[in-house]
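Here's the letter readout for the chains.
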Amino acid sequence: MRRIPFVRLGSAIAALSVALSLAAATVSAGGPPSLSFYVDGIRYRTVGTPTDFTGTGAPASSFETIYALGPGLVNVAEAGPGQPGFRGGRWMVVPVTWNTTPTQLTSNEQVEEYAANGWITIGATPVKEFECPVIRVPAGA
C-alpha cells in the first residue's frame, strides 16, 4: 500500500475546499438576472449577491430606495444607472402598505403621488440593505 505524503493530502483537501466554496458562492449569488424593479417606467434586472448591509450602521444616504410593492407586483426604485442620485447599486428596501387596491406602479413619482393621496403608506424602517448590480432590460424584451 502506497502512502500519500501529508503535504499532498493537505494540498488536495485545500484545493477541494476552494472549489466547493466557489460553487457555493455561485449558488448563493442568486443565479441569473431576473426582473426586479422599475425606474421611470424602465425595467431593470438584477443579479442577486450575498451582500447584506442591514444593521451595519451604513448611512441611509449611501443607499438608493427600492419600494417593495408586495406580492405579484414588481418593485420600484428611485433612480437607476446613469441617473442623478444613483448610488452605484446599493439598495435599501422599504415596504409599502396598500390602503386601496394594489396596482403596478412604475416610477418613483407614482409612488410619491400614491403616498401623498393616502393610497399607500411607505414604511419608515428598511427591511433590507444590500448591494447588487443592475442591468437595464432592452426595449421590447
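Scroll up to find the structure this text is about.
In this report, we go over the structure that sits alongside the text. Please read these numbers as outputs of a predicted model, since none were measured by experiment. (Residues numbered from 1 in each chain as written. Predicted model: local features only at pLDDT ≥ 70, side-chain atom pairs only at ≥ 80, totals over all residues. Heavy atoms only, no water.)

### A word on unusual backbone geometry
The phi torsion at Asp-40 lies on the positive side, around 50 degrees, for a residue other than glycine. Relative to the assigned elements, Asp-40 resides in the loop between β1 (34-39) and β2 (42-46). Asp-40 sits in the partly exposed class, given a relative accessible area of 38%. (Helix = DSSP H or I, 4+ residues; strand = E, 2+ residues; numbered from the N terminus. Buried < 20%, exposed > 50% of the residue type's maximum accessible area, 1.4 Å probe, protein only.)

### So, the side chain of Ser-62
Summarising the element assignment, Ser-62 is placed in the loop between β2 and β3 (64-68). Reaching out from Ser-62, the side chain makes a polar contact with the backbone oxygen of Pro-59 at a distance of 2.7 Å. Polar side-chain contacts of Ser-62 include one of 3.2 Å to the side chain of Arg-90. Setting aside its immediate chain neighbours within four residues, Ser-62 contacts Arg-87 and Arg-90. (Polar contact = N/O pair within 3.5 Å; in protein donor to acceptor, adjacent residues only side chain to side chain. Contact = heavy atoms within 4.5 Å.)

### So, the environment of Glu-78
Tracing the chain through its elements places Glu-78 in the loop between β4 (75-77) and β5 (90-98). Given the relative accessible area of 28%, Glu-78 is considered partly exposed.

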